[in-house]
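Breakdown of the fold
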Number of protein chains: 2
Amino acid sequence: MDQKIKQLLRDSRLHDRIVSEETAASWIKDGMTLGLSGFTRAGDAKAVPTALVEKAKQEDLKVNVYTGASLGSDIDRIMADAGIIHKRLPFQADSTMRKEINQGDMLFVDQHLSHTAEALRQGAMNPLDFAIVEAISITENGEIIPSTSVGNSSIFAEKAESIIIELNLAQPAELEGMHDIYELSKQGDREPIQLTNVDDHLGTKGIPVDIEKIKGIVITNQVDSPSTIVPPDEETAVMANHLIDFLRKENELGRLPDNLAPLQSGIGSVANAVLHGLLESEFTDLEVYSEVLQDAVFDLLDAGKVRFASGCSITLSEAKLDEVYSDISKYRDRLVLRPQEISNHPEIIRRLGLISINTPIEVDLYGNVNSTHIQGTKMMNGIGGSGDFTRNSRLAIFVTKSIAKEGNISSVVPFVSHVDHTEHDVDVIVTEQGYADLRGLAPKERVPLIIENCAHPMYREQLYAYYKEASEQGGHTPHILEKAFSWHTNFAKNGTMLEGSTLGV
Amino acid sequence: MDQKIKQLLRDSRLHDRIVSEETAASWIKDGMTLGLSGFTRAGDAKAVPTALVEKAKQEDLKVNVYTGASLGSDIDRIMADAGIIHKRLPFQADSTMRKEINQGDMLFVDQHLSHTAEALRQGAMNPLDFAIVEAISITENGEIIPSTSVGNSSIFAEKAESIIIELNLAQPAELEGMHDIYELSKQGDREPIQLTNVDDHLGTKGIPVDIEKIKGIVITNQVDSPSTIVPPDEETAVMANHLIDFLRKENELGRLPDNLAPLQSGIGSVANAVLHGLLESEFTDLEVYSEVLQDAVFDLLDAGKVRFASGCSITLSEAKLDEVYSDISKYRDRLVLRPQEISNHPEIIRRLGLISINTPIEVDLYGNVNSTHIQGTKMMNGIGGSGDFTRNSRLAIFVTKSIAKEGNISSVVPFVSHVDHTEHDVDVIVTEQGYADLRGLAPKERVPLIIENCAHPMYREQLYAYYKEASEQGGHTPHILEKAFSWHTNFAKNGTMLEGSTLGV
């Protein structure tokens, strides 16, 4: 056996368990349920799912696939394309998979990312036959060291009947020691999570497992696929400035300290760009307590703006990926990766009082937010961690451009076509137009703020007209139910939400 | 001074602060913000708000009123009637107040009941000028002993500029020692809440305050107004049986222990009746971790079915009120009243893994729940604690009759007209027809379960027809946005949700 592999598989009992991905895939039978490592393109099981797709060309095969979040390396795409998935949860972000879901060819359960572990613990979903977990090593005492994400890997390893390891030689071995694995006991037998600072460590550096459960180890050599975020642009810079103006005012009013509060930022270009804006701000000694650590977090770490970052996954653009992983050791004392149940846990989010920054698909006049469904029916990616954070954070902020599709879609509508975050949970909405601070306001007080400060000028009059007509009928939250979705149906029919137009602007 | 009062006001510095309610009310000026004790008719400030309404007959007076939840003793009604409230939060349940809110004559902020304290701590709402808190005594070391509810009294007392005490001689003095007051520090400086059992005590038996903040003490002598719940009936008994069948299956499958898990039950007749159903069940050694303790909890305590009950308020029917308060001491070791922030805290709810039972206004085909708005526009009472519990509990259960208004309203609709609990948060729906266990199911899997097991037979065909038409257009969550609210608009126009009917059944 290769000396390097011996150094990575330090429990000698494992040395005779190395198998090909085809052999590992052969163990997986029709109807089984798999728990795959991987969170937003980071640390995903790569070889075995690919082999499984090959195997499915020869035989009928449908499996349930649970993951941390979205997978990279085209794994979600090829599995969806091959039609081997019966049910998938809790999050995805692949266009082919999305199509399958929306055509009704695949079942998808859109879960809060902190909830999957509890559901498995309760035994209320199909039990896992196999956990397939990417690792960078297995220690002498049998702990699995995950790679670039932890996600749900620890609960999958705990609950699965058997475990397949993908030992990925292409991932930076220096990540060892940068994970903190803490598993919760069953509800009712559980102690408080003793985390009061973002840099507290609670558990072990690897996933402790019964080594007999590890049925096979597949050696792989493939880096994560990079994120597809686009760099900050002029408009996202304006949005970032509005957000920073708001934070500055909160600081001046004594509501936030000079280093703000631990920051969470959702996945994607807009959230990344907004966080990036803090580079130019006066705020220092910042802390991050988030799920995905994107490019901006590393820029802020490098600039000395962020003191410490806690996440459950590292997801980087192509350029940043090489830069960060060529010298990951320098972040050793400033970074930790945790299970997503801990990164997204209500207990911690509420205790620390996070500032959460997420991106909606659309918001409505009263502050309800749609994060998941296009036109109320078609799944985009899923709610992800936005619910975990928004409900429990100190400041629940949503950031979006005020219009999309050259102005034919308004991000501010009379009634969101799907509700993921209710009016009770949304504190601040930011667009390139400005921000609306909705805290402590009744529905009617929120309306003018959202229209004036967030909606695009081209839609303001139309929003006021809806609200005026609705108000004439009275009610705490005025609506005209016949017209509540008229903007969406107008878009479906005429390609624009603009009234009196049949082809937008 | 009366010897009895001396015994209740044990800090002698307070003896010269006794004033009439008129004097106390004279301190309250136009534009002030008040924090009133009281949670679902229990332990509300009674005399000073009444005097304030009298005072408002002579002068212009508008105040903001924050409470624990709804007030009893007609306080919400007379304040609304007098038009003295500018803004009210976080919950109410009075028909006059409701009318004012829905006419737009009064602002109402509908908050999660665990969120008000955080909002005050953050300084993101109007600061409190006065806390007006009903008490049964003040100890030698200056702790205020609340009466039949704790609600938000402790955070109000902490944050208010001044405190007015209503020392109520009619409340049972034996309640002293049955409260557990634990206040959280600011977010960021906060320790874990070290509660791992429903009967753990964390704090002090009274509200510790700077005694100099107590500006006046008003002596009162008026019992709480009783709850208006109606006794269990045949239909609620059927619903309770469906719920118990579900719990029994969970127990048989090893998902719940023989004493289930700590129970939370919402306010009102249906939730009370369902809990009452456990009297006849095989489950014993039960625990309650709830906000309001209603009649059923005491019946279960008396029957030896419930071992211990934790709440933030005791709200009883007229008959039960006399019975319980004539001998409250017998519950001394089996009961605790906490601040609502602790009774409803996500950290505790998730840790203990509660079974939460709440009542919706309507649910939809996919499991979204409306708890607050009639026809999407008119506020009923507010979300209360249902969001705190539902999001974080082990089992989030909603219980409702399948129809209302002689069948002209279906509780199961295509699209709820307001969303308070999203599909991600709802585990089980129970009606008199049966129950639908939605855990781990994709939207399309939920639809037939909800229609067959929960909807009334008279509406099933109509629900299937909507779903079939919607499905033809595809999508993860099929809808026809043009018709999503057609049941509601049909009801508004024709008095019934039944299609092809103009006068229901």
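Residues numbered from 1 in each chain as written. Chains lettered and ligands numbered in written order. Predicted model: local features only at pLDDT ≥ 70, side-chain atom pairs only at ≥ 80, totals over all residues. Heavy atoms only, no water.

1. Examining the relation of the copies chain B and chain A
After a rotation of 180 degrees and a shift along the axis of 0.0 Å, chain B superposes on chain A with an RMSD of 0.0 Å. The transformation relating the two chain copies, once decomposed into turn and shift, fits a two-fold axis. Relative to the rotation axis, the C-alpha of Glu347 of chain B is the closest in chain B, positioned 2.2 Å from it. Interface residue correspondence from chain B to chain A reaches 100%, placing this contact among same-surface, isologous pairings. (Least-squares fit on C-alpha atoms with pLDDT ≥ 70 in both. Contact = heavy atoms within 4.5 Å.)

2. Examining the packing of aromatic side chains
Evaluated as defined, the whole model comprises 14 aromatic pairs over all chains. Seen from their ring centres, Phe246 of chain A and Tyr435 of chain A are 5.3 Å apart, and the 65 degrees between their planes marks the pair as edge-to-face. Placement of Phe246 of chain A in helix H8 (residues 234-252) and of Tyr435 of chain A in strand E26 (residues 434-437) is noted, with a sequence separation of 189 residues between them. Taking relative accessible area as the criterion, Phe246 of chain A reaches 1% and is therefore assigned buried. Geometrically, the ring pair formed by Tyr366 of chain A and Tyr467 of chain A is edge-to-face, given 6.5 Å between the ring centres and 65 degrees between the ring planes. One end of the pair, Tyr366 of chain A, is in the loop between strand E17 (362-364) and strand E18 (369-370); the other, Tyr467 of chain A, is in helix H16 (residues 457-472), with 101 residues separating them in the sequence. Comparing Tyr366 of chain A with Tyr467 of chain A shows no difference in burial state: the two are buried. Here the aromatic cluster, defined as three or more aromatic residues joined through ring pairs, consists of Phe415 and Phe485 of chain A together with Phe415 and Phe485 of chain B. Note that Lys215 of chain A overlies the ring of Trp27 of chain A, its terminal NZ or CZ placed 4.8 Å from the centroid. (Phe/Tyr/Trp six-rings, centres within 6.5 Å; stacked < 30°, edge-to-face > 60°. Helix = DSSP H or I, 4+ residues; strand = E, 2+ residues; numbered from the N terminus. Buried < 20%, exposed > 50% of the residue type's maximum accessible area, 1.4 Å probe, protein only. Lys NZ or Arg CZ within 6 Å of the ring centre and 35° of its normal.)

3. Description of the packing of helix H3 (residues 47-55) of chain B against helix H4 (residues 75-82) of chain B
Residues and elements named next belong to chain B. Relative to each other, H3 and H4 sit at 15 degrees, their axes nearing to 10 Å. Comparing the axis directions of H3 and H4 gives the class roughly parallel. Helix-helix and strand crossings are classified by hand; for H3 and H4 the assignment is left-handed. Where H3 abuts H4, its residues Pro49, Thr50 and Val53 lie against Ile75, Ile78, Met79 and Ala82. Grouping the constituent residues of the contact of H3 with H4 by class yields six nonpolar, one polar and no charged. (Axes fitted to C-alpha atoms, helices over the stretch in contact; angles between N-to-C directions. Parallel < 35°, antiparallel > 145°, perpendicular 65-115°, else oblique. Left-handed = near helix turned anticlockwise from the far one by under 90°. Nonpolar A, V, L, I, M, F, W, Y, C, P; charged D, E, K, R; others polar.)

4. Regarding the UniProt feature "domain: Acetyl-CoA hydrolase/transferase N-terminal" (unreviewed entry) in chain A
Mapped onto the present numbering, the UniProt feature "domain: Acetyl-CoA hydrolase/transferase N-terminal" (unreviewed entry) falls at residues 17-173 of chain A. In residues 17-173 of chain A, the share of helix is 30% and the share of strand is 22%. The end C-alpha atoms are 21 Å apart. (UniProt positions renumbered as here; feature names shortened; annotations may be inferred.)

5. Digging into helix H15 (residues 443-453) of chain A
For the α-helix, the turn length of 3.6 residues means that residues three or four positions removed from each other point alike. Regarding H15 of chain A, the residues found buried are Pro443, Arg446, Val447, Ile450 and Ile451 of chain A. The buried residues of H15 of chain A occupy an angular sector of 120 degrees when the element is viewed end-on, so they sit on one face. Elements in contact with the buried residues of H15 of chain A: E17, strand E24 (412-413), strand E25 (428-431), E26 and H16 of chain A together with strand E4 (107-108) of chain B. (Arc of directions from axis to C-beta.)

6. Some remarks on the confidence of the model for chain A
Put simply, chain A has an average pLDDT of 96, and 99% of its residues get 70 or more. Interface scoring of the predicted complex returns ipTM 0.97; its pTM is 0.97. (pLDDT = per-residue confidence, 0-100.)

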